[in-house]
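This is what each chain is made of:
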Amino acid sequence: MSMILDSKIPEGPRAEKWEKHKFNVKLVNPANKRKYDVIVVGTGLAGGAAAASLAELGYNVKAFTYHDSPRRAHSIAAQGGINAAKNYQNDGDSVFRLFYDTIKGGDYRAREANVYRLAQVSVNIIDQCVAQGVPFAREYGGLLANRSFGGAQVSRTFYARGQTGQQLLLGAYSALSRQIAYGKVKMYTRSEMLDVVIVDGQARGIITRNLITGEIEKHAAHAVVLATGGYGNVFYLSTNAMYCNATAAWRAHKKGAYFANPCFTQIHPTCIPVSGDYQSKLTLMSESLRNDGRVWVPKTVEMAEKVRQGQIKPQDIAEDDRDYFLERKYPAFGNLVPRDVASRNAKMMCDEGRGVGSTGLAVYLDFADIIKRTGADAVSQKYGNLFDMYAKITDEDPYTQPMRIYPAVHYTMGGLWVDYNLQTTVPGLYATGECNFSDHGANRLGASALMQGLADGYFVIPYTIGDYLAQTPPKPVTTENPAFAQAEADVRGRVQKLMSINGTRTPDDFHKHLGHLMWEYCGMARTAEGLKHAKVEIQKLRKEFWSDLKLSGSNDELNQALEKAGRVADFLELGELMVDDALNRNESCGGHFREEYATEDGEAKRNDDEYAYVAAWQYVGDNQPEILNKEELHFENVKLTQRSYK
Amino acid sequence: MAGSNPNAKPMNLTLKVWRQKNRATAGQVVDYNVRDISPDMSFLEMLDVLNEDLLRKGDDPVAFDHDCREGICGSCNLFINGRAHGPESGTTTCQLHMRKFSDGDTIVIEPWRANSFPVNKDLSVDRSAFDRIIQAGGYVSVNTGGAPDGNEIPVPKEIADRAFEAATCIGCGACVAACKNASAMLFVSAKVSQLALLPQGHAERATRVENMVAQMDKEGFGACTNIGSCAAECPVGISLENIATLNREFLAAKASSNNLS
Amino acid sequence: MSWISKTFSSSIGRKIIMAATGLFLCSFLVVHLAGNFQLFKNDGGLAFNAYSEFMSHNTVIRILEIGLVLGFGFHIYEGLTLTAKNRSARGVGYVSDHIEQNSPWHARSMAMLGSIVLFFLIVHLYNFFGTLRFGEPVKDSMGNENAYGLVVDAFRNPLYVALYVVAQAALLYHLLHGFQSAFQTLGLTHRKYTPLIKFVGVVFSLVVCAGFAAMPIYFYFFK
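In this text, all values refer to a predicted model and were calculated from it rather than measured experimentally. Each chain carries its own residue numbering, running from 1 in the written order of its sequence. Here every chain gets a letter starting at A, and every ligand a number starting at 1, in the order they are written. Local features are withheld for residues below a pLDDT of 70 in this predicted model, meaning they are given only at 70 or higher, and side-chain atom pairs are given and counted only at 80 or more; totals for whole chains, interfaces and linings count all residues. Each side-chain value is worked out from all heavy atoms of the structure, with water and hydrogens disregarded.

Moving on: the interface of chain A and chain B. The interface is formed by 87 residues belonging to chain A together with 79 residues belonging to chain B. A buried area of about 6,700 Å², summed over both sides, lies between chain A and chain B, and 50% of it is on carbon and sulfur atoms. A per-residue breakdown of the area chain A buries against chain B is headed by Arg 72, Tyr 278 and Lys 392 of chain A, which together make up 11% of the total. We define a salt bridge as a side-chain nitrogen of Lys or Arg found within 4 Å of a carboxyl oxygen belonging to Asp or Glu. Applying the counting rule to chain A against chain B returns 8 salt bridges. A salt bridge links Arg 190 of chain A to Asp 65 of chain B; its shortest N-O distance comes to 3.0 Å. Distance and chemistry together define a polar contact, namely a pair of N or O atoms within 3.5 Å, with one atom able to donate a hydrogen and the other to accept it when in protein, and with adjacent residues in sequence counting only for side-chain atoms on both sides. Here chain A is connected to chain B by 45 residue pairs in polar contact (both at pLDDT 80 or more). Contact definition: two residues touch when any of their heavy atoms are within 4.5 Å. Buried area adds together the accessible area that both of two parts lose upon being put together, with accessible area traced by a 1.4 Å probe.

Before going further, it helps to examine the layout of surface pockets. In this structure, the second largest pocket spans a volume of roughly 1,100 Å³. Taken together, 46 residues make up the lining of the second largest pocket; nearest its centre are Glu 165, Ala 166, Thr 168, Val 236 and Gly 237 of chain B. When contributions to the lining of the second largest pocket are tallied by element, the ones reaching two or more residues are α12 (376–394) of chain A together with α3 (157–167), α5 (185–197) and α8 (241–256) of chain B. The numbering of helices and of strands both runs from the N terminus, where a helix is a DSSP run of H or I of at least 4 residues and a strand a run of E of at least 2. Take the lining of the second largest pocket: its biggest share by element is 9 residues, from α12 of chain A. Residues are sorted three ways: Asp, Glu, Lys and Arg are charged, Ala, Val, Leu, Ile, Met, Phe, Trp, Tyr, Cys and Pro are nonpolar, and all the rest, Gly among them, are polar. Classifying every residue of the lining of the second largest pocket gives 13 nonpolar, 20 polar and 13 charged. Each cavity reported here is a set of points on a 1 Å grid over the protein atoms alone in which a 1.4 Å probe fits but cannot get out, each pocket an open set with protein on both sides within 12 Å along at least five of seven lines, and each lining residue one with an atom within 4 Å of a point. Grid points are joined across faces, edges and corners, and a volume is the space filled by probe spheres set on the points.

Here we come to the interface of chain B and chain C. Taken together, the contacts link 50 residues of chain B with 39 residues of chain C. Roughly 3,600 Å² of surface becomes buried between chain B and chain C when both sides are summed, with 52% attributable to carbon and sulfur atoms. If you look at where chain B meets chain C, you find 1 salt bridge. Residue Glu 241 of chain B is joined to Arg 191 of chain C by a salt bridge in which the shortest nitrogen-to-oxygen separation is 3.4 Å. Counting the contacts that link chain B with chain C gives 30 residue pairs in polar contact (both at pLDDT 80 or more). Listing elements by their share of the side of chain B that touches chain C, those giving two or more residues are β5 (106–111), α4 (174–178), α6 (205–218), α7 (229–233) and α8 of chain B. The element best represented in the side of chain B that touches chain C is α8 of chain B, accounting for 9 residues. In terms of residue class, the side of chain B that touches chain C is built from 27 nonpolar, 13 polar and 10 charged.

Our focus in this paragraph is the nonpolar core. Of all hydrophobic cores here, the largest spans 239 residues; its most connected members are Ile 82 and Phe 136 of chain A. Considering every element that reaches this core, the biggest residue donor is helix α17 (residues 560–584) of chain A, with 12 residues. Look past the residues within four positions of Ile 82 of chain A in its chain and what remains in contact with it is Ile 125, Ile 126, Phe 136, Arg 156, Thr 157, Phe 158, Thr 164, Leu 168, Ala 447, Leu 450, Met 451 and Leu 454 of chain A. Think of a nonpolar core as a cluster: buried Ala, Val, Leu, Ile, Met, Phe, Trp, Tyr and Cys residues, connected wherever their side-chain atoms sit within 4.5 Å. Relative accessible area decides the class of each residue, using a 1.4 Å probe on protein chains only: under 20% of the type maximum gives buried, over 50% gives exposed, and in between gives partly exposed. Listed in part, the 34 residues of the second largest apolar core include Phe 48, Leu 132, Tyr 164 and Ala 167 of chain C.

Residue and element names in this part refer to chain B. Partitioning chain B into domains gives domain 1 (11–121) and domain 2 (128–256). By convention here, the domain bounds are inherited from an automatic or database domain assignment. The gap between the C-alpha centroids of domain 1 and domain 2 is 29 Å. Counting from both sides, the interface comprises 19 residues of domain 1 and, opposite them, 18 residues of domain 2. Between domain 1 and domain 2 the total buried area reaches about 1,300 Å² when both faces are included, carbon and sulfur atoms providing 59% of it. Area buried by domain 1 at its contact with domain 2 is led by Ala 84, Ser 116 and Phe 117, which between them contribute 35% of it. Between Arg 83 and Glu 233 there is a salt bridge, with its nearest N and O atoms 2.4 Å apart. One can count 4 residue pairs in polar contact (both at pLDDT 80 or more) joining domain 1 with domain 2. Residue composition of the side of domain 1 that touches domain 2, grouped by class: 8 nonpolar, 9 polar and 2 charged.

Turning to the packing of aromatic side chains, a few remarks are in order. Residue and element names in this part refer to chain A. Stacked, tilted and edge-to-face are the three classes assigned to paired rings of Phe, Tyr and Trp, where Trp is represented by its six-membered ring and a pair needs centres within 6.5 Å; plane angles under 30 degrees give stacked, over 60 edge-to-face, the rest tilted. According to the stated counting rule, one finds 46 aromatic pairs over all chains in the structure shown. Between the aromatic rings of Phe 510 and Phe 545, the centroid separation amounts to 5.2 Å while the plane-to-plane angle is 75 degrees, which identifies the pairing as edge-to-face. Here Phe 510 is found in helix α15 (residues 507–522), whereas its partner Phe 545 is found in helix α16 (residues 528–548), with 35 residues between them in sequence. Grouping residues by exposure puts Phe 510 and Phe 545 together as buried. Positioned over the ring face of Tyr 420 is Arg 117, at 4.2 Å from the centre of the ring. Charges are assigned to positions over rings by a cutoff of 6 Å between ring centre and Lys NZ or Arg CZ, combined with an angular limit of 35 degrees from the ring normal.

What follows is about the packing of helix α2 (residues 11–36) of chain C against helix α4 (residues 59–90) of chain C. Residue and element names in this part refer to chain C. Angles run from 0 to 180 degrees between N-to-C directions of axes, and those axes are lines fitted to C-alpha atoms, restricted for helices to the stretch in contact. Contact pair α2 / α4: the axes reach a minimum separation of 9 Å and the direction vectors enclose 140 degrees. Looking at the two axes, α2 sits oblique to α4. For the pair α2 and α4, the sense of crossing is left-handed. For the pair formed by α2 and α4, the contact residues are Ser 11, Arg 14, Lys 15, Ile 17, Met 18, Thr 21, Gly 22, Phe 24, Leu 25 and Phe 28 on the first element and Gly 67, Leu 68, Gly 71, Phe 72, Phe 74, His 75, Tyr 77, Glu 78, Gly 79, Thr 81, Leu 82 and Lys 85 on the second. Taken together, the residues that form the contact of α2 with α4 break down as 10 nonpolar, 8 polar and 4 charged. Every angle not falling under 35 degrees, over 145, or within 65 to 115 is termed oblique; those three ranges are roughly parallel, roughly antiparallel and roughly perpendicular. In this scheme the handedness of a crossing depends on how the near helix is turned from the far one: anticlockwise by less than a right angle means left-handed, clockwise means right-handed.

Right, let's talk about the arrangement of the chains for a bit. Of all 2 pairs of chains sharing an interface, the pair with the highest contact count is chains A and B. Chain C makes no contact with chain A, the minimum C-alpha separation between the two being 20 Å.

One simple way to see leftover space: roll a probe sized like a water molecule over the atoms. Residues and elements named next belong to chain A. Inspection of the entire model under this criterion finds 18 cavities of 30 Å³ or more. By volume, the largest cavity amounts to about 860 Å³. Surrounding the largest cavity, 50 residues form its lining, His 74, Ser 75, Gly 229, Gly 230 and Glu 434 being those nearest its centre. Elements with a contribution of two residues or more to the lining of the largest cavity: α3 (45–57), β6 (191–199), α7 (247–254), β15 (403–412) and α13 (449–469). Tallying contributions element by element places α13 first for the lining of the largest cavity, with 4 residues. Among the residues forming the lining of the largest cavity, the class breakdown is 18 nonpolar, 26 polar and 6 charged.

Turning our eyes to something else, we now look at the packing of helix α2 (residues 128–135) of chain B against α6 of chain B. A pair of packed helices can be characterised by two numbers: the angle between their axes and the separation between those axes. All names here are of chain B. The interhelical angle for the contact between α2 and α6, taken along N-to-C directions, is 155 degrees, at an axis separation of 8 Å. If you check the angle between α2 and α6, you find them roughly antiparallel. For the pair α2 and α6, the crossing hand works out as right-handed. Where α2 approaches α6, its residues Arg 132, Ile 133 and Ile 134 are matched on the opposing element by Met 212, Gln 215 and Met 216. Class assignment of the residues belonging to the contact of α2 with α6 gives a composition of 4 nonpolar, 1 polar and 1 charged.

The structure is reproduced here in structure tokens:
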């Protein structure tokens, strides 16, 4: 039976909601804070910031990461920057404009109140990071520099060359390290969360596996925060790191947390194309490159064919024979259209037969103009590390010939459903950062992921979790409750099951197979027919997984194949839910493009009357269809229109 | 897509890989052959091929650390043919590509070696000593909230750029692995320099360097003899100048701080 | 005093002692070389003997000598301590190590080069200092101890000549790294001046070692 979800959005005008809410939430008395334990799973931007901030407030924090150090989380790989409505450039930015751009960029499938709060606290993030010693780019006068990014017409992106994520993560890591040194955070590295423990309907702990010793451990707390990132690796090939996985979120889902909008996945337009079957991951070339790079393909299929055969070099193709398709179709935004639009257009070009590279699955991103205008040195100052990375991977020099790029899975807007307090449908269980669904709707704007992760971690969860804890008695929680023993036994049983199948196919083999299905049928363009086919195939694959998986070694040691197998098992379930969600959503919006629902010029065609809701899926049992719950989206501050970037 | 070099032929290679069950047991070099390796593969993708092969045969795959595979997370850490991160300078292991090798090559693959980096298994080592050094003082003590406006204190571009360059350290530990003294001074100096350059870091300038150096020594890393192997092998080009800064900061702190112990 | 002992027993503190004593010893080399140039004066060694007499009997010099002994002592002690500590920091060694591809040989060989110089120093002290200070050297026509005669005698022995020349080669490489390294260790680096320091270091090393090496060769072949 489906239910109407209460998103707990505070009353009042948009600009006052958060202020009022902060006043209305219950507070934990400073002397009592040390009586509460909070578990934070994941130590990227969202988790690291949350763990540090909660510890600063006085809570006892236990933080968990499967990495060897909190500094390795994949937030570190974000290149381009972080948005904030500072209006330092005097170019007309404001909290409302950032809010508006984010809602519009998300194709009107995000929750207004959350997005407005995000835009409000964005300015505090920059201040906080500067105070931590994050070396943002500066102007000669010593003030902070900005650049523009896709989907916006103002310069509001703060950056640290092409390594913004790294610098922000190291900032959060330093704050976290300080709390570890103070003893307020107990850090568990190389520990993977394998289940949430629910006691009397509330999240009271987690079960982890020590990746070095294989030991299964129980950890209790008054509340649990999941900051475990996105599930882009369900596609096997993505720009996510190799370890990124959905296990924590999926385990929570199976314990009662609803999963929202799983089909909303972002395909990033500027990635280095696939080079062979052995490919283990894809590498992003920052969106900031689209500020100065021009995207094009040959005008004719014949010309493209010649390029593919290597008979003609791209730099030798005359200006008149090139089609700068983004500039042609979207004169207002040009190469800076949002990611979903840029990706879909690149795919369209390749589908027309005008793609380049030997497989025809690439378009050019050309820097010849800017190099001519400002010189190679100036370009190197701005993008040097990205150009070097490109050269290393492809053995081609982007200073003398255009880059080849192709869209790749990059980010997942869907995630655990949370209310305004970032609490899931399980009391005491919170989700922050990419792990939740809340702020990006059907498409995320560039430089907004870092913003959301840090907003959740530094400025939202420290308030909202207090509201919950204040209503929880400050009595110690222990792992004595039988729910812990049960959860531990379940995890142990599952690990044993994986180890005992003794079939023939490796975890990677299954993962690649699943990834291929997902990319083919639930990727950049989807059809009802394809999705139905994929659902059957995924079910078959899942059955095969549990009967033909091959592992070696044992459970009580570092066993990376076993870790991988557990994650693939969860992807095999999540993948099916993504397909269900995509099949349910009979419209196109943002990153979800159903071929049946397109405008005449091939743009995404929304159906606001029937689908202006968040689809929050409820798990009811293995191999049973999940129940769809709806959170209706209300837009009080923006008018829903067909997005236009022309 | 055959990358840039469609004529590149697949390679057959002999690998000599360090295998060690866990911290408590002794390890040894084991020989493996890998076939049909594309020059466009990354080094780790080549190891993926080996591991898939081993797993299919029911053998134990080679454990190694890796994650982002785009040269920024600092997880990967292989000592390849006698060099930290292999033969190409300015490159992490994950960004090293097989086109740097030739058909028939023998490649020796070992873990980072330092007493302070004990081996977990095979090629995976424990680098938590680095975390403990940062915990000793590699931060600015500001709580969340209450920070002044980001533009309140201007930072000259040159200073910000130099701080950034020091801050790009990815904490991979190649400096320790490459140094004949297993010294961690390049790592420590990068953080000390970054925060000493920025006005935000000034309040704790003296205590920071004192505490971080004390922790570094406690972890058992060697001392720097200025030979430059660390900077030469650093995948992100952290410069030796930082070590001079560290020494200067340390001397100044010891001479001027009120800390008597 | 605990902060002082802590400072100088830390890894950087020990390096600072190495650098400071190293530079101090460089200044000694300059004085020693300048004085020894009198060996080349064609006066049968009278000037050199007078200089030697002054150096070994002047009270101020004798006091400074204590500083010199301490300088050598600390440099040698810290050098050996650091080397032992640094060697043990590695633990298990590499099966394949191509460190020669990322750093110069002499920079990695400071302990070995220093040990050669130390061996030389002992022989050298035995040859000259011991005889002059503790033996009964003959006097020259001016009544000074005939140090010059000792030099002439010593360098008739080709083994001594060879040892002295080899030791100067070792010192040369020791200084080529040590001189600029000391500035780096003391934190005395600057984008403008460091290239100059490096250049001076090379010139200094060459001049000092060539000057000292010239003496045994000159005496062996021309006296």
